[in-house]
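The chain contents come next:
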Amino acid sequence: KQWYQRRVREGVVDELNKECERLYSKMTINEATMENLLDERKLLQKSVLDSEDRLSVLSDEKASLSKELEKTRTTLNEIAQEHSHLLYQQEKKNNRKWEDDAEVKFCKACFKEFGVSLRKHHCRNCGAIFCDECSQFRSSTPASKAKVRVCGPCNKELNP
């Protein structure tokens, strides 16, 4: 009977030892897994910090690029307006015609009536007819390198 009890006890002890080894092995695996997870957590935290730094840099860059874009748009609008103005001026110049003496009775600038004592003079730039006083200016024109008679508005246009 003692022998039997000792065998039972030895069997129980063996079973308990086997269970301890199994649990110890499982605990070792769990500790290794936990250590790996902690390392992974550190890497992820570093990655998050790096990403936040990169996000900050990109946000600053975006703000700078937005300002630059706004300046560029403003400049582009100014250029477009200037281009439109130049097209208008070119069209205006292309449509200038030499006015017919017979049709013009008054100076285009001061509205004095032409007669024997008040002579008509063509502006060599726009072709309109003015009195001597209103066309007293001399300037080079696109059609003439020499200084020729021009009206006040054309003088301002040609000599800004």
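Higher on the page you've got the structure.
Structural notes, computed from the coordinates. All values reported here derive from a predicted model rather than from experimental measurement.

## With respect to the overall build of the protein
Moving on, step 1. When helices and strands are counted, the protein shows two helices and four strands.
Moving on, step 2. The C-alpha atoms of the protein give 49 Å as radius of gyration, which overshoots the globular expectation for 160 residues (15 Å, by more than 25%).
Moving on, step 3. For the protein, the spread of C-alpha atoms along the principal axes amounts to about 160 × 25 × 25 Å.
Moving on, step 4. Considering only intrachain contacts with a sequence separation of at least 6, the fraction spanning at least 24 residues in the protein is 32%.
Moving on, step 5. Where the 30 positive side-chain charges of the protein centre and where its 27 negative ones centre are 7 Å apart.

## Concerning the state of the cysteines
Moving on, step 1. On inspection of all chains with the given rule, the structure shows zero disulfides.
Moving on, step 2. Residue cysteine 123 stays outside any disulfide, its sulfur separated by 3.7 Å from that of cysteine 126, the closest cysteine.
Moving on, step 3. Lacking any disulfide linkage, cysteine 134 is separated from the closest cysteine sulfur, that of cysteine 131, by 3.6 Å.
Moving on, step 4. The class for cysteine 134 is buried, based on a relative accessible area of 16%.

## Topic: the pairing of strand β4 (residues 144-150)
Moving on, step 1. Pairing between strand β3 (residues 137-141) and β4: four bridges, direction antiparallel. Bridge pairing links serine 139 to valine 148 in β4.
Moving on, step 2. Taking the residues between adjacent antiparallel strands as the criterion, β3 and β4 are bridged by two residues.

## Some remarks on a nonpolar patch on the surface
Moving on, step 1. A cluster of nonpolar side chains, Trp3, Tyr4, Val8, Val12 and Leu16, forms an exposed patch at the surface whose accessible area comes to about 550 Å².
Moving on, step 2. The residue tryptophan 3 is located in helix α1 (residues 2-94) in this model.
Moving on, step 3. Judged by relative accessible area, which is 55%, tryptophan 3 ranks as exposed.

## Observations regarding the pattern of salt bridges
Moving on, step 1. On inspection of all chains with the given rule, the structure shows five salt bridges.
Moving on, step 2. We note a salt bridge from aspartate 50 to lysine 46, for which the minimum N-O separation is 3.1 Å. Taken together, the positions of aspartate 50 and lysine 46, both in helix α1 and four residues apart, correspond to about one turn of that helix.
Moving on, step 3. A residue is classified by how much of its surface remains accessible, and aspartate 50, at 40% relative accessible area, is partly exposed.
Moving on, step 4. Put simply, arginine 149 and aspartate 132 hold a salt bridge, and the shortest N to O gap is 3.0 Å. Here arginine 149 is found in strand β4, whereas its partner aspartate 132 is found in the loop between β2 (129-130) and β3, with 17 residues between them in sequence.

## Observations regarding unusual backbone geometry
Moving on, step 1. Phi at phenylalanine 111 is positive, roughly 65°, even though this residue is not glycine.
Moving on, step 2. Secondary-structure assignment places phenylalanine 111 in the loop between α1 and β1 (121-122).
Moving on, step 3. Judged by relative accessible area, which is 60%, phenylalanine 111 ranks as exposed.

## Looking at the side chain of serine 139
Moving on, step 1. Its place among the elements puts serine 139 in strand β3.
Moving on, step 2. The exposure class of serine 139 is buried, given its relative accessible area of 2%.
Moving on, step 3. For serine 139, the side chain forms a polar contact with the side chain of asparagine 159, separated by 3.1 Å.
Moving on, step 4. In this structure, serine 139 is in contact with Ala146, Lys147, Val148, Val150, Asn155, Leu158 and Asn159, ignoring residues within four places of it in sequence.

Here is what the cut-offs are and how they apply
- Residues numbered from 1 in each chain as written.
- Predicted model: local features only at pLDDT ≥ 70, side-chain atom pairs only at ≥ 80, totals over all residues.
- Heavy atoms only, no water.
- Helix = DSSP H or I, 4+ residues; strand = E, 2+ residues; numbered from the N terminus.
- Rg over C-alpha atoms; globule rule 2.2 N^0.38 Å.
- Contact = heavy atoms within 4.5 Å.
- Lys, Arg positive; Asp, Glu negative; His and termini not counted.
- Charge placed at Lys NZ, Arg CZ, Asp CG, Glu CD.
- Disulfide = S-S within 2.5 Å.
- Buried < 20%, exposed > 50% of the residue type's maximum accessible area, 1.4 Å probe, protein only.
- Pairing = 2+ DSSP bridges.
- Patch = residues over 30% accessible without salt bridge, like charges linked within 9 Å, V, L, I, M, F, W, Y side chains within 5 Å.
- Areas by Shrake-Rupley, 256 points an atom, 1.4 Å probe, with all protein chains shown as cover.
- Salt bridge = Lys/Arg side-chain N within 4 Å of Asp/Glu carboxyl O.
- Polar contact = N/O pair within 3.5 Å; in protein donor to acceptor, adjacent residues only side chain to side chain.

No statement about biological role is implied by the geometric values presented.
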